[in-house]
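# Breakdown of the fold
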Amino acid sequence: MKSTAVATVLSMALALTSFSTVPARADEDVLKVLGGIAGLVILNEIVKKNREPNTQVVTGATAPRLSINRQASNTRSLYRPYKKKRVVRKVNRVAPRQCLYNQWTYRGTIRVYDASCVRSFARVSGPRDCLREIRTRSGTRQFFTGTCLRQKGWTT
């Protein structure tokens, strides 16, 4: 974009300098016009050179061999820029220790992870399949059991 704007400004400047308010001799006018045209040609070549990508044609013994099926459709594939592959980060699923507590049930006490605490302190919310509810005197509590979390790939 810059080179196009610069070329436009320079060509306008060269075109305007060829006109003069004072009448001059014919031989001087011809030289000015030819100089202006030469300047425009040079600027045009510079702009074309900046627009063309630097491609290298591979021929002969160094050319990679393509299968017959791909050769016709992917002739430009040799000149495409290299793209980095997107790295997918694996998040560690670790149940926070501060969320672990003993919950009394009619079958005895069990060690569970409080659901609201896991949502607050873990990097990933807990799996919905492992979410359990229990009714207590103070209302319902939601929790995750350690065995279910381990089966879903969490470290407890």
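For the structure, see preceding data.
Residues numbered from 1 in each chain as written. Predicted model: local features only at pLDDT ≥ 70, side-chain atom pairs only at ≥ 80, totals over all residues. Heavy atoms only, no water.

### With respect to the state of the cysteines
- Following the criterion strictly, the structure yields two disulfides and no others.
- Two residues, Cys-99 and Cys-117, share a disulfide whose sulfurs are 2.0 Å apart. Around the S-S axis, the bridge from Cys-99 to Cys-117 shows a dihedral of about -75 degrees and counts as left-handed. Remark: Cys-117 occurs in helix H4 (residues 115–121) and Cys-99 occurs in the loop between helix H3 (68–73) and strand E1 (100–105); sequence separation between them is 18 residues.
- In this structure Cys-99 comes out as buried when scored by relative accessible area, which is 1%.
- Look at Cys-117 and you get buried, because its relative accessible area is 13%.
- The residue that forms a disulfide with Cys-130 is Cys-148, at a sulfur-sulfur distance of 2.0 Å. Here the disulfide of Cys-130 and Cys-148 is left-handed, its torsion about the S-S bond being about -80 degrees. Here Cys-130, found in the loop between H4 and strand E3 (131–136), pairs with Cys-148, found in helix H5 (residues 146–151); they are 18 residues apart in sequence, far enough to count as distant.
- A relative accessible area of 0% places Cys-130 in the buried class.
- Each bonded cysteine of the chain is numbered by sequence order, and under that numbering the disulfide pairs are 1-2, 3-4. (Disulfide = S-S within 2.5 Å. Helix = DSSP H or I, 4+ residues; strand = E, 2+ residues; numbered from the N terminus. Buried < 20%, exposed > 50% of the residue type's maximum accessible area, 1.4 Å probe, protein only.)

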